[in-house]
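# Coordinate inspection notes
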Amino acid sequence: MTSFQKIGNIGGPALGRRQVMMGLAATAVTSGLFSPAIARAADRLPVRMSKAGPGTAGTIQDDLVAKFPELDPGLDIDWIDGSPGQFQMLLISGALDCGPFGALGLAEAAQKGAELVIFGSRLNNHGSWIVKGDSPYQHPSDLKGKRIATQLPTSDTYRHARMAAALHKLDLEKDFQVSFGPSVSNVALFNRGDVDAVISIEPVSTQLIAQGHREIAQVADQWRDATGDSATLSLVGVSASARWVDENQETARRVAQMTLGVNKRFVSEPSLIRDPAIQAGMGLKNSSEELLTLLEERLPRVYATEWNEAVINDFNRQLEVAIDLKIVESRPNYSYTRVL
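Since we're looking at a predicted model, the values are computed, not measured.

### Overview of the overall build of the chain
On a plain count of helices and strands, the chain comes out with 14 helices and 11 strands. Residues classed as buried in the chain amount to 54% of the 340 residues present. Taking the contacts inside the chain whose residues are at least 6 apart along the sequence as the reference set, 79% of them involve residues at least 24 apart. If you sum the accessible surface of the chain, you get close to 13,900 Å²; carbon and sulfur atoms cover 51% of it.

As structure tokens, then:
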């Protein structure tokens, strides 16, 4: 097995071997994005990164690097399988070098002694409250006492949903009968009628809408309506332990560069969702024209294309609100963001 064919399998079944094609020097020259020196095999830097699974928008990261070698800044990537909540536990344990973490999850981890930092862009919040097409429910408050399914409580998707609901005087832990699970499992519960609503993520939300179900709220809109904050609600950034970043600054810089490049590429060309390989990575099957059109419209909002003071301020604002709501106890007692 060559160094760029490795794939890990921690915390979940393997999704199949996907070769991450690393760019040659000639490709880097023609792309104009990275120097030929970085593209040389001798300059490649090893890193273990999270590999998102079907039913999640994060799958474009490894798929687009495979499709467009010019997006590779010279990394020898060992992709590790898992769910969003699992990735966070793997980061804390040291089984993963880089993965997704938001400010709220990072603050919880800090309370347990972990020292993690966010050093690049990743995903904006894309949680949606979805009910059946013939459901009488028009607002999340209509679902009080009802059964809902959502992401694992260790995920920032759930933490955000809980925070946004609390801003509207709803307590996800007390006002609803909540089932937790990965995205595809939650959809199965929803389709069987075992739950009355699902707080879903992309591309699942758009799939459900294309099937005739209704979106009654977006978590980002709930946040905006309650706080008046017009800034994009950042969900997670590229994260690692502070020690790993300190000891691997060039690797971390390249990881942040790659993730930002991937996001910008998709946002500028959302028609990439029509590529069967990209659809397969997301777990989309037999996609209709209606679904693909909706995905082209709705997916760009998911991918963060900036890592700057405004994004860091957004994470800080989230922490302030979450502490006021007693969702997290306190801020980390160290600087938890880095600009490399």
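### Quick notes on the packing of aromatic side chains
This structure, assessed with the given rule, holds four aromatic pairs. Here the aromatic rings of Tyr158 and Phe180 are separated by 5.1 Å at their centres, their planes lie at 85 degrees, and the arrangement is edge-to-face. One end of the pair, Tyr158, is in helix H6 (residues 156-167); the other, Phe180, is in strand E8 (residues 177-180), with 22 residues separating them in the sequence. Judged by its relative accessible area of 5%, Tyr158 falls in the buried class. Given a relative accessible area of 39%, Phe180 falls into the partly exposed group. A cation over an aromatic ring shows up here: Lys132 above the ring of Phe190, its NZ or CZ 4.6 Å from the ring centre. The lysine or arginine in question, Arg265, covers the ring of Phe68, its NZ or CZ lying 3.8 Å from the ring centre.

### Focus: the sheet that holds strand E11 (residues 234-241)
Backbone hydrogen bonds are what pair the strands of a sheet, in a parallel or an antiparallel way. Spatial strand order, E4-E11-E5: three strands in an open sheet with antiparallel pairing. Only two strands of the sheet have a single partner each, and these edge strands are strand E4 (99-101) and strand E5 (116-124). Going across the sheet, the axis of each strand differs from the next one's by a mean of 45 degrees, ignoring polarity. Here six bridges tie E5 to E11, and the two strands are oriented antiparallel to one another. Bridge pairing in E11 links Leu116 to Ser241. Those strands touched by helix H5 (residues 103-111) are E4 and E5, and its axis lies near 155 degrees from that of E5.

### Considerations on the pattern of salt bridges
Counted by the stated rule, this structure contains 23 salt bridges. Across the pair Arg147 and Asp196 runs a salt bridge whose closest N-O atoms are separated by 3.4 Å. Separated by 49 residues along the polypeptide, Arg147 in strand E7 (residues 147-150) and Asp196 in the loop between helix H7 (183-192) and strand E9 (197-200) bring together distant segments of the chain. The closest approach of N and O atoms between Asp246 and Arg338, which form a salt bridge, is 2.9 Å. Linking Asp246 in helix H10 (residues 242-247) with Arg338 in the segment after helix H14 (309-324), this pair joins segments that are 92 residues apart in sequence.

### Brief notes about the confidence of the model for the chain
Low-pLDDT stretches of the model should not have their predicted coordinates read in fine detail. The share of residues in the chain with pLDDT of 70 or more is 87%, and the mean pLDDT across the chain is 88. Throughout residues 1-40 the model reports pLDDT below 50, and contacts reaching past four residues in sequence, or to other chains, amount to 83 contacts.

### Thoughts on the environment of Ser335
Following the sequence through the fold, Ser335 ends up in the segment after H14. Judged by relative accessible area, Ser335 falls into the exposed class, the value being 51%.

### Some details on the sheet that holds E8
A sheet is described by the order of its strands in space; here five strands give the open sequence E8-E7-E9-E6-E10, paired in mixed fashion. The open sheet has two edge strands, E8 and strand E10 (214-218), and neither has a second partner. In this sheet, neighbouring strand axes are inclined to one another by 25 degrees on average, regardless of whether the strands run parallel or antiparallel. Along the sheet face, helix H9 (residues 219-227) touches strand E6 (128-131) and E10 and points at about 40 degrees away from the line of E10.

### A look at the packing of H6 against H14
Contact pair H6 / H14: the axes reach a minimum separation of 10 Å and the direction vectors enclose 60 degrees. Crossing handedness for the pair H6 and H14: left-handed. Residues His160, Met163 and Leu167 of H6 pack against Gln318, Val321 and Ala322 of H14.

### Overview of the nonpolar core
The nonpolar side chains of a soluble globular protein tend to be buried, and buried together. Ranked by size, the top nonpolar core spans 70 residues in total, and within it Leu64, Cys98, Phe119 and Tyr303 carry the most contacts. The contact partners of Leu64, leaving out residues within four places of it in the chain, are Leu71, Val262, Phe266, Leu272 and Ile278. Judged by nonpolar contacts, the second largest core, of 17 residues, contains Val131, Tyr158, Ala164 and Leu172.

Cut-offs applied
- Residues numbered from 1 in each chain as written.
- Predicted model: local features only at pLDDT ≥ 70, side-chain atom pairs only at ≥ 80, totals over all residues.
- Heavy atoms only, no water.
- Helix = DSSP H or I, 4+ residues; strand = E, 2+ residues; numbered from the N terminus.
- Buried < 20%, exposed > 50% of the residue type's maximum accessible area, 1.4 Å probe, protein only.
- Contact = heavy atoms within 4.5 Å.
- Areas by Shrake-Rupley, 256 points an atom, 1.4 Å probe, with all protein chains shown as cover.
- Phe/Tyr/Trp six-rings, centres within 6.5 Å; stacked < 30°, edge-to-face > 60°.
- Lys NZ or Arg CZ within 6 Å of the ring centre and 35° of its normal.
- Pairing = 2+ DSSP bridges.
- Axes fitted to C-alpha atoms, helices over the stretch in contact; angles between N-to-C directions.
- Salt bridge = Lys/Arg side-chain N within 4 Å of Asp/Glu carboxyl O.
- pLDDT = per-residue confidence, 0-100.
- Left-handed = near helix turned anticlockwise from the far one by under 90°.
- Core = buried A, V, L, I, M, F, W, Y, C linked by side-chain atoms within 4.5 Å.

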